[in-house]
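Inside the fold
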Amino acid sequence: MNTFERDKAYVAPTYARFPVEIVSGKGALLVDAEGKEYIDLGSGIAVNTLGVADEGWKAAVVEQLDSLQHASNLYYTAPCARLAEALCVRTGMKKVFFSNSGAEANECAIKVARKYAALHKGEEAFTILTLKNSFHGRTITTLSATGQDVFHQSFLPLTPGFVHAAAGDLEEVKRIADSIPLAAIMMEMVQGEGGVVALDPAFVAGVAALAKEKDILLITDEVQCGNGRTGKLYGYMHYGITPDVVTTAKGLGGGLPIGVTMLGEKVEDIFSPGDNGSTFGGNPAVCAGALHILSRLDEEMLAGVTLRGNLIRERLSGKSGIKSVSGLGLMVGIETEKDAGEVIAACRERGVLVIKAKNKVRLLPPLNIPVELLEKALAVICEAAAL
Ligand SMILES: Cc1ncc(COP(=O)(O)O)c(C=O)c1O
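Residues numbered from 1 in each chain as written. Predicted model: local features only at pLDDT ≥ 70, side-chain atom pairs only at ≥ 80, totals over all residues. Heavy atoms only, no water.

**Some details on the sheet that holds strand β17 (residues 360-363)**
Reading across from one edge, β13-β14-β17-β16 is the order of the four strands in this open sheet, with antiparallel pairing throughout. A single partner strand is all that each edge strand has here, and the edge strands are β13 (322-328) and β16 (355-357). Strand-to-strand twist across the sheet, computed as the mean angle between neighbouring axes with direction ignored, equals 35°. Direction of pairing for β13 relative to strand β14 (residues 331-336): antiparallel, over a ladder of six bridges. Its bridge partner being in β14, Ser324 is matched across the sheet by Glu335. (Pairing = 2+ DSSP bridges. Helix = DSSP H or I, 4+ residues; strand = E, 2+ residues; numbered from the N terminus. Axes fitted to C-alpha atoms, helices over the stretch in contact; angles between N-to-C directions.)

Next up, the structure:
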């Protein structure tokens, strides 16, 4: 059997995979099993922040692997403590809980919200408001948080305690907050799976003010839009707000699994021993790599993201077959006249890997993709959209 056949025979078919077997890569280039080279504008869905096999990230991980690959959370390890410190210094948050994925990071945020509300507002204040069109993960509870019915089908009943309001509709959020005692409001600053849509600044400011007034925790899900992807370290930093809880995952690990729940002043002391845990959370090798990724996300890298994001918008906007370009920085949604799936397939045939978000073509390139490669890929996207 070849890999396609073996995968079909033995892997649960939860993914509609593209007919490509990736075997290796370097930077923003990927190579398939037939030796064909692709420009990668997906980064493993916003994971390979510095592309494939970045030398600095690899060295940090390998150096750590040489001394210790894992210790249980019954003991202290330096990379875990250092990464927590670096995240707090860069964000102003106070404490960090480590897990392995975005869904787990959000699960932890939900636990924080429920415990905080039970202590400060009473046990009936357990409801969390999220936005329609949002995506917060695939565990039953983060699915319940996700404001898209399409993900709920077949998995009912969902976890109680979630309500959804339309993104941008501050009046609806206020109406709900007046009628139900809310523990938290959780939102992505740029809805990724929902079609790469950045939230309206006035809406975000209104929600933040309401949350403050009513002592509702503000949670930003930065799993996809965090870690430099939008041109700032975290998406909320575009909006001048201070969340109480920030969750992230994906790109912080640079290719190894990580989940992070950052706790602000209000909730820094919410957890006691036994309240949460994770066997692999804070793993030394993962944290050593993440610490390196974070150190590379400096002002120069972030300015480079903005520059590349602007270049993408300039090259694609108004081109034949392209209706609109959405998102922030290197998180891009392209609405095409043709079906997005057809454009994605045409790009792939021409050696450019792009992905989908709802009915849009989505770009999430490595943050340091060389500009010449990006320009080459953009020319291919224009050609594919115009066909
Ligand atoms: C905004 C957001 N939150 C949560 C998740 C879930 O992350 P994971 O797949 O690591 O559990 C995703 C994944 O795409 C996401 O985009």
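Now that the structure has been shown, we can carry on.
**Describing unusual backbone geometry**
With omega at 0°, the peptide bond leading from Leu156 into Pro157 counts as cis. Mapped onto the elements, Pro157 comes out in the loop between α6 (140-145) and β6 (162-165). Despite not being glycine, Ala53 has its phi angle at roughly 55°, a positive value. Tracing the chain through its elements places Ala53 in the loop between α2 (43-46) and α3 (55-67). What makes Ala53 partly exposed here is its relative accessible area of 21%. In the Ramachandran plot, Asp215 falls in the positive-phi region, its phi being about 50° despite a non-glycine side chain. You can see Asp215 is positioned in the loop between α8 (201-213) and β10 (217-221). (Buried < 20%, exposed > 50% of the residue type's maximum accessible area, 1.4 Å probe, protein only.)

**A few points about the packing of helix α11 (residues 340-349) against helix α12 (residues 371-386)**
The angle between the axes and the distance between the axes are what describe a pair of packed helices. Running from N to C, α11 and α12 cross one another at 130°; their axes reach a closest spacing of 9 Å. In terms of orientation, α11 and α12 fall into the oblique class. In this structure, α11 meets α12 at a crossing whose hand is right-handed. The segment α11 lies against α12, with Val343, Ala346 and Cys347 engaging Val380, Ile381, Ala384 and Ala385. (Parallel < 35°, antiparallel > 145°, perpendicular 65-115°, else oblique. Left-handed = near helix turned anticlockwise from the far one by under 90°. Contact = heavy atoms within 4.5 Å.)

**Here's the deal with the nonpolar core**
In this structure, Leu41, Met187 and Leu363 are the most contacted members of the largest nonpolar core, which totals 87 residues. The leading source of residues in this core is α12, at nine residues. Two domains each donate at least three residues to this core, and these are domain 1 (3-54 + 299-386) and domain 2 (56-296). If we skip the residues at most four places from it in the chain, Leu41 touches Val352, Leu353, Val354, Arg362, Leu363, Leu364, Pro365, Ile369, Leu374, Ala377 and Ile381. With 21 residues, the next largest nonpolar core counts Ala109, Ala125, Ala145 and Val245 among its residues. (Core = buried A, V, L, I, M, F, W, Y, C linked by side-chain atoms within 4.5 Å. Domains from an automatic or database assignment.)

**Quick notes on the site of the ligand**
Lining the immediate environment of the ligand, one finds 13 residues, of which Gly102, Ala103, Phe135, Asp221 and Gln224 sit closest. Gly102 has a polar backbone atom sitting 2.8 Å from an oxygen atom of the ligand. Within the contact set of the ligand, a nitrogen atom lies 3.3 Å away from a backbone nitrogen or oxygen of Phe135. Surface burial for the ligand is 81%, taken as the share of its 400 Å² of free accessible area covered by protein chains. Considering each element in turn, the shell around the ligand owes the most residues, three residues, to helix α5 (residues 102-120). (Near = heavy atom within 4 Å. Polar contact = N/O pair within 3.5 Å; in protein donor to acceptor, adjacent residues only side chain to side chain. Areas by Shrake-Rupley, 256 points an atom, 1.4 Å probe, with all protein chains shown as cover.)

**Observations concerning the domain arrangement of the protein chain**
Frequently, the measure chosen for interface size is the accessible area that the parts lose on association. Taken domain by domain, the protein chain comprises domain 1 (3-54 + 299-386) and domain 2 (56-296). Relative placement of domain 1 and domain 2: their C-alpha centres are 26 Å apart. Contact residues are listed per partner, giving 30 residues for domain 1 and 32 residues for domain 2. Sorting the residues of domain 1 by area buried against domain 2 places Asp54, Leu328 and Met331 first, and these three jointly supply 28% of that buried surface. At the boundary of domain 1 and domain 2, one finds two salt bridges. One salt bridge connects Glu193 with Arg362, and the closest N-O pair in it is separated by 2.9 Å. Counting the contacts that link domain 1 with domain 2 gives 15 residue pairs in polar contact (both at pLDDT 80 or more). For the side of domain 1 that touches domain 2, the secondary structure elements donating two or more residues are α2, α10 (299-316), β13, β14 and β17. Among the elements that line the side of domain 1 that touches domain 2, the one with the most residues is α10, at four residues. Counted by class, the side of domain 1 that touches domain 2 contains 17 nonpolar, nine polar and four charged residues. (Buried area = accessible area lost by both parts, 1.4 Å probe. Salt bridge = Lys/Arg side-chain N within 4 Å of Asp/Glu carboxyl O. Nonpolar A, V, L, I, M, F, W, Y, C, P; charged D, E, K, R; others polar.)

**With respect to the sheet that holds strand β3 (residues 37-40)**
Ordered in space as β1-β2-β3-β15, the four strands form an open sheet in which the pairing is mixed. Single-partner strands in this sheet number two, and they are β1 (22-26) and β15 (352-353). When β3 meets β15, the two strands line up parallel, connected through two bridges. Directly across from Asp40, in β15, lies its bridge partner Leu353. On top of the sheet, α12 reaches β2 (29-32), β3 and β15; it is set at about 100° to β3, its chief contact.

**A word on the pairing of β3**
Where β2 lies against β3, three bridges are found, and the strand directions are antiparallel. Residue pairing across strands places Val31 opposite Glu37, the latter belonging to β3.

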